Amino acid sequence: MTRLFISRDSTALSLGAEQVVKAIQQQTDSKIEIIRNGSRGLYWLEPLVEVETAQGRVAYGPVQAEDVASLMDAGLLEGKQHPLYLGNIEELPYFKNQNRLTFARVGITDPVNLDDYLSHDGYKGLKNALGLQPSDIVKHVTDSGLRGRGGAAFPTGIKWNTVLNAPADQKYIVCNADEGDSGTFSDRMIMEGDPFVLIEGMTIAGLAVGASQGYIYLRVEYPHAKIALNQAIEAAYKNGYLGENIQDSGKTFHLEVRSGAGAYVCGEETSLLESLEGKRGMVRFKPPLPAIVGLFGKPTIVNNVISLASIPVILDKGGEYYKNYGMGRSRGTLPLQLAGNIKHPGLFEAAFGLTLREILYTYGGGSASGRPIRAVQVGGPLGAYMPESQFDTPLDYEAFAAIGAVLGHGGIVVHDDTTNMADMARYAMEFCVEESCGKCTPCRIGSTRGVEVIDRIVGDVEKSKNTELLRDLCDTMLCGSLCAMGGMTPYPVLSSLNHFPEDFGLEASKA
Ligand SMILES: Cc1cc2nc3c(=O)[nH]c(=O)nc-3n(C[C@H](O)[C@H](O)[C@H](O)COP(=O)(O)O)c2cc1C
Ligand code: SF4
């Protein structure tokens, strides 16, 4: 039986993967099996068709339904040559040069097949965790140096330790799967491509802090992820990996998926908890921290999908193993997401320390338009715009902070030299107007005033006075906002103003 692999990932589907599957089924007999895997993350090559051969998995891409006849004639099932032939997928530099710890199985296994998961090192981390004391599980996480991949980079071990030590009759594990940042898709890819790894990570978190209930707060725009997660959760329940008495350990962990309703601010952890409780998504005052008073007033771990999906490999191979990757205080790997005007968009999991230039040019292939890259926004809509002079910055939380930038969730959106950066600054303020929860004045009112002030600068109305006013306003938003929504909107605004004053009609000295 020949085995073919065609992704069920949303991006592959939107590019025609389903039609390719149908065309292959129509042109072949029953001697082939088509496995719907996750995506390898080489999005410019999707829909990708892989065939299992004695030399490994040979890939073809991007394949459209109308290519299938010629592929069959050329000998697709034997991995023979064709204009769309790419060779062994795992030998392509974009794939080969990654450090796939969290995404180890994505693109390789059938995402919702538990046996496939188990035969590719799945549930080894949980098995180890079941033999450890809760504090030892937390120690592994602390030793790994893992910091939250949702944006704030807070040390995961410290958060878990706080919840472990908070006395309560009930605790919760909440997975933040709201993934609202522009140009980001790593959470979606893992939920569609390896949902068991997230389920395993959440189960380990439950064992570590004594929480018996978990929720995945999933953005409503991810219907395929929801299907994959629910299929995997059902299989985990059936096979004793979720529910009462997990693997005869006497331990309990229940898990459910809950849908968000499309608000960016519901990705902010306290707003998320409000929404999960059935209320309007408004940011809560802190303290108390969610780790002490979280969901329904109980101690709660709120972690991003990638943070939780990184837990199984840490518990399988040990905190020290994970810590060996990376640089400085940025340990392990970060799944980078390349988007916007880039030749090779996709996911690239790398140890911290790679420079932005390497990722943009060596792997990303430069801009899709072929024009010079002018600016990249790293870390979502609240991230700074970085000019070419900063492209040699290593991907490291502290190196980015030192130049007023953020790594955030690892999204990299590329702009070529046709982008007007004053438009981007205005857009950042507009985005804040749209998405502000309205609880605090600097964000609610400041963002509206921000749009007006930028319009005045660009429209040559009292330019220098309004530039000073914009800086003053950004300062108020930075220092006076209750959460990072208003607090970080100045990042894209000020970086545009500082690095690209000409787009505001300003001389560098007057910006
Ligand atoms: C406006 C706003 C939106 C956010 N959106 C997300 C999101 O979509 N996903 C996420 O994991 N964290 C998001 N965060 C960060 C969370 O508040 C929180 O830091 C994170 O869920 C903690 O998990 P981690 O420590 O694993 O990163 C957002 C924060 C803000 C201020
Ligand atoms: S900064 Fe904006 S989103 Fe955050 S609490 Fe204030 S109004 Fe709400």
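Residues numbered from 1 in each chain as written. Chains lettered and ligands numbered in written order. Predicted model: local features only at pLDDT ≥ 70, side-chain atom pairs only at ≥ 80, totals over all residues. Heavy atoms only, no water.

1. Here's the deal with the nonpolar core
Part 1: W160 and M191 are the most contacted members of the largest nonpolar core, which totals 61 residues.
Part 2: Top element by residues in this core is helix α10 (residues 195-209). It accounts for ten residues.
Part 3: Each residue touching M191, except ones within four places of it in the same chain, is listed here: A177, L198, L218, Y222, A225, A228, L229 and V305.
Part 4: Listed in part, the 34 residues of the second largest apolar core include L354, V378, F400 and I412. (Core = buried A, V, L, I, M, F, W, Y, C linked by side-chain atoms within 4.5 Å. Buried < 20%, exposed > 50% of the residue type's maximum accessible area, 1.4 Å probe, protein only. Helix = DSSP H or I, 4+ residues; strand = E, 2+ residues; numbered from the N terminus. Contact = heavy atoms within 4.5 Å.)

2. Focus: the domain arrangement of the chain
Part 1: By domain assignment, the chain separates into domain 1 (2-96), domain 2 (114-322), domain 3 (325-416) and domain 4 (421-510).
Part 2: For domain 1 and domain 2, the distance between their C-alpha centres works out to 33 Å.
Part 3: The three residues of domain 1 that bury the most area against domain 2 are R8, S10 and Y43, which together make up 58% of that side's buried surface.
Part 4: Where domain 1 touches domain 2, the interface holds one salt bridge.
Part 5: The tally of links between domain 1 and domain 2 comes to five residue pairs in polar contact (both at pLDDT 80 or more). (Domains from an automatic or database assignment. Buried area = accessible area lost by both parts, 1.4 Å probe. Salt bridge = Lys/Arg side-chain N within 4 Å of Asp/Glu carboxyl O. Polar contact = N/O pair within 3.5 Å; in protein donor to acceptor, adjacent residues only side chain to side chain.)

3. A word on the packing of helix α8 (residues 156-164) against α10
Part 1: Look at α8 against α10: their axes get within 8 Å of each other, and the N-to-C directions meet at 50°. As far as their axial angle goes, α10 and α8 are oblique. Residues W160, V163 and L164 of α8 touch α10, and the partners they reach there are A205, A208 and V209.
Part 2: Looking at side-chain class alone, the contact of α8 with α10 contains six nonpolar, no polar and no charged residues. (Axes fitted to C-alpha atoms, helices over the stretch in contact; angles between N-to-C directions. Parallel < 35°, antiparallel > 145°, perpendicular 65-115°, else oblique. Nonpolar A, V, L, I, M, F, W, Y, C, P; charged D, E, K, R; others polar.)

4. Comments concerning the sheet that holds strand β9 (residues 300-304)
Paired through their backbone hydrogen bonds, the strands of a sheet run either parallel or antiparallel.
Part 1: Spatial strand order, β8-β7-β6-β9: four strands in an open sheet with parallel pairing. The open sheet is flanked by β8 (254-259) and β9, the only strands paired with a single partner. The average undirected angle you get between the axes of adjacent strands in this sheet is 20°.
Part 2: Bridging between strand β6 (residues 172-177) and strand β7 (residues 213-218) involves six bridges; their strand directions are parallel. Bridging across to β7, Y172 finds its partner in Q213.
Part 3: In this fold α10 packs onto β6, β7, β8 and β9, with an angle of close to 150° to the strand it touches most, β6. (Pairing = 2+ DSSP bridges.)

5. Concerning the layout of surface pockets
Part 1: Approximately 240 Å³ is the volume found for the second largest pocket.
Part 2: As for the second largest pocket, its lining consists of 17 residues, of which L101, A104, D121, V313 and K317 are closest to the centre.
Part 3: Within the residue set of the lining of the second largest pocket, elements represented by two or more residues are α6 (124-130), α10 and α14 (311-317).
Part 4: Among the elements that line the lining of the second largest pocket, the one with the most residues is α14, at four residues. (1 Å grid on protein atoms, 1.4 Å probe; cavity = no way out; pocket = protein on both sides within 12 Å on 5 of 7 lines; lining within 4 Å. Points joined across faces, edges and corners; volume = space filled by probe spheres on them.)

6. Overview of the environment of R8
Part 1: Inspection of the secondary structure assignment puts R8 in the loop between β1 (2-6) and α1 (10-14).
Part 2: Taking the C-alpha atoms as reference points, R8 and G193, separated by 185 residues in sequence, lie 7.9 Å from one another.
Part 3: When residues no more than four places from it in sequence are discounted, the contact partners of R8 are L13, R36, N37, P111, V112, E192, I227, A228 and Q231.
Part 4: Here the side chain of R8 touches Q231 through a polar contact of 3.3 Å, side chain to side chain.

7. Regarding the site of ligand 2
Part 1: Around ligand 2 sit 13 residues in total, of which C437, K439, C440, C443 and C483 are the nearest.
Part 2: Structurally, ligand 2 is housed in the largest cavity.
Part 3: The residue inventory of the shell around ligand 2, partitioned by class, reads eight nonpolar, four polar and one charged. (Near = heavy atom within 4 Å. Sits in = over half its atoms within 2 Å of the grid points.)

8. Details of helix α7 (residues 134-144)
Part 1: Along α7, the residues that are buried comprise I137, V138, V141 and S144. Buried residues along α7 cover an arc of 120° about the axis, so they all sit on one side.
Part 2: Next to the buried residues of α7 lie α6, α8, α10, α14, α15 (319-323) and β11 (330-331).
Part 3: Just downstream of α7 lies G145, where phi reads positive at about 80°. (Arc of directions from axis to C-beta.)

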